[in-house]
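Spelled out from the first residue to the last, the chains are:
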Amino acid sequence: MDKCEINDKLSSQQSESSDLIYADDCLFIYDPMQTGCSINSILDTLTSQFKKLISKKLEPNYFLCIKINNNKIIEACDRAQKEILIKNPDLNKASVRIDTLHVTLLAFYLRDEQEIDL
């Protein structure tokens, strides 16, 4: 049985059995013997699916930040930014407005409302 046949078999059994649970790109098998596939075939399929899952780059979609309000710090950063941009004008495209100055404490990825509510 090749990987396509295994995937088809696993997919077809999703509705027939509670032993298979699909979530996004994950597949969990509680009783692999009920699929009728060899353990090696199942492991190959799961390895392939795992590689696909970890190859996706989950970029952060939530950030924990502290806004900088101290005028001395803001002015010093403004001067530094202006000096850098004078010496390297190409960086102007990458620069941000000084009024958005903040310190990022944590960047993380939350998949859904349930993770947000945690």
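Now for a description of the structure that goes with this document. (Residues numbered from 1 in each chain as written. Predicted model: local features only at pLDDT ≥ 70, side-chain atom pairs only at ≥ 80, totals over all residues. Heavy atoms only, no water.)

Below, the discussion takes up the environment of Gln-81. Inspection of the secondary structure puts Gln-81 in helix α3 (residues 71-87). Sequence separation between Gln-81 and Leu-91 is 10 residues; the distance between their C-alpha atoms is 9.9 Å. Aside from chain neighbours lying at most four places away, what touches Gln-81 is Ser-95, Val-96 and Ile-98. (Helix = DSSP H or I, 4+ residues; strand = E, 2+ residues; numbered from the N terminus. Contact = heavy atoms within 4.5 Å.)

With 17 residues, α3 ought to run about 24 Å at 1.5 Å a step, and its terminal C-alpha atoms sit 24 Å apart, in line with that. The residue sitting at the N-terminus of α3 and contributing the capping side-chain oxygen is Asn-70; that oxygen lies 2.9 Å from the backbone nitrogen of Lys-72. (Expected span 1.5 Å × (residues − 1). Polar contact = N/O pair within 3.5 Å; in protein donor to acceptor, adjacent residues only side chain to side chain.)

Further remarks concern the packing of aromatic side chains. Applying the stated criterion across every chain yields a total of one aromatic pair. With a centroid separation of 6.4 Å and 15° between ring planes, the pair formed by Tyr-62 and Phe-108 is classed as stacked. Taken together, the residues Tyr-62 in strand β3 (residues 62-67) and Phe-108 in strand β4 (residues 102-108) connect sequence positions 46 residues apart. (Phe/Tyr/Trp six-rings, centres within 6.5 Å; stacked < 30°, edge-to-face > 60°.)

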